[in-house]
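# Descriptive structure summary
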Amino acid sequence: MINAVIVHDVDELEEFGRFLEIKREEIDELYDTLLEECKDQRDNWNDPQYELLKDKIEEYHKDSQKQLDRLEENVEYIQKLVEKLRDISR
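Residues numbered from 1 in each chain as written. Predicted model: local features only at pLDDT ≥ 70, side-chain atom pairs only at ≥ 80, totals over all residues. Heavy atoms only, no water.

### Comments concerning helix α1 (residues 10-40)
The terminal C-alpha atoms of α1, which comprises 31 residues, lie 45 Å apart, in line with the 45 Å expected from a rise of 1.5 Å per residue. Residues of α1 that are buried: L13, G17, L20, R24, D28, Y31, L35 and C38. Residues of α1 that are buried in the fold lie against α2 (48-89). In this structure D9 caps α1, since a side-chain oxygen of it lies 2.8 Å from the backbone nitrogen of D11. (Helix = DSSP H or I, 4+ residues; strand = E, 2+ residues; numbered from the N terminus. Expected span 1.5 Å × (residues − 1). Buried < 20%, exposed > 50% of the residue type's maximum accessible area, 1.4 Å probe, protein only. Contact = heavy atoms within 4.5 Å. Polar contact = N/O pair within 3.5 Å; in protein donor to acceptor, adjacent residues only side chain to side chain.)

Written as structure tokens, this is what we have:
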């Protein structure tokens with residue numbers, strides 16, 4: 001399998017990388033907030049449904065971290081690509 005990237009504008013690529021980085025941070029913060037809010041409810045809910053919900057949210061949070069790590073890898077790839085392209089164009 002051959003991976004190819006065609007870049008027409010390095011500035012746009014760099015801007016896209018920054019956009020992804022900002023969105024990754026926002027999503028990570030939202031996932032963390034969701035998990036913390038759920039954990040904070042433990043004294044308010046005294047039924048098995050809470051435990052089920054908490055377990056599902058914890059699993060969702062764990063899975064989301066894997067996706068966010070992959071997104072971070074892509075952001076780093078874009079940043080390195082931008083650096084190489086800028087070096088070539090000098």
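From this point, the narrative continues.
### Considerations on the packing of aromatic side chains
In the structure shown here, the tally under the stated rule is 1 aromatic pair. When the ring of Y31 is compared with that of Y60, the centres are 5.3 Å apart and the planes differ by 90 degrees; the resulting orientation is edge-to-face. Of this pair, Y31 sits in helix α1 while Y60 sits in helix α2, placing them 29 residues apart in sequence. Exposure remark for Y31: the relative accessible area of 17% places this residue in the buried category. A relative accessible area of 45% means that Y60 is categorised as partly exposed. (Phe/Tyr/Trp six-rings, centres within 6.5 Å; stacked < 30°, edge-to-face > 60°.)

### Some points on the nonpolar core
Nonpolar side chains tend toward joint burial in soluble globular proteins. Within the largest apolar cluster, 6 residues are counted, these being L13, L20, V75, I78, L81 and V82. For this core, the elements supplying multiple residues, two or more each, are α1 and α2. Element by element, the count of residues in this core is highest for α2, at 4 residues. Leaving out residues up to four positions away in the same chain, L13 has contacts with V7, I78, L81, V82 and L85. (Core = buried A, V, L, I, M, F, W, Y, C linked by side-chain atoms within 4.5 Å.)

### Here we look at the environment of S64
Examined against the element boundaries, S64 turns out to sit in helix α2. Separated by 36 residues in the primary sequence, S64 and D28 have C-alpha atoms spaced 8.1 Å apart. Of the polar contacts made by the side chain of S64, one reaches the backbone oxygen of H61; its length is 2.7 Å.

### Digging into the pattern of salt bridges
Considering all chains together, one arrives at 9 salt bridges under this definition. We note a salt bridge from R86 to E14, for which the minimum N-O separation is 2.7 Å. On the criterion of sequence distance, the pair formed by R86 in helix α2 and E14 in helix α1 is long-range, its members being 72 residues apart. Ionic pairing is found between R24 and E72, a salt bridge with its closest N-O pair at 3.4 Å. One end of the pair, R24, is in helix α1; the other, E72, is in helix α2, with 48 residues separating them in the sequence. (Salt bridge = Lys/Arg side-chain N within 4 Å of Asp/Glu carboxyl O.)

### Describing a negative patch on the surface
There is a patch of like negative charges on the surface, built from E29, D32, E36, E37 and D40. Mapped onto the elements, E29 comes out in helix α1. For E29, a relative accessible area of 56% corresponds to the exposed category. (Patch = residues over 30% accessible without salt bridge, like charges linked within 9 Å, V, L, I, M, F, W, Y side chains within 5 Å. Areas by Shrake-Rupley, 256 points an atom, 1.4 Å probe, with all protein chains shown as cover. Lys, Arg positive; Asp, Glu negative; His and termini not counted. Charge placed at Lys NZ, Arg CZ, Asp CG, Glu CD.)

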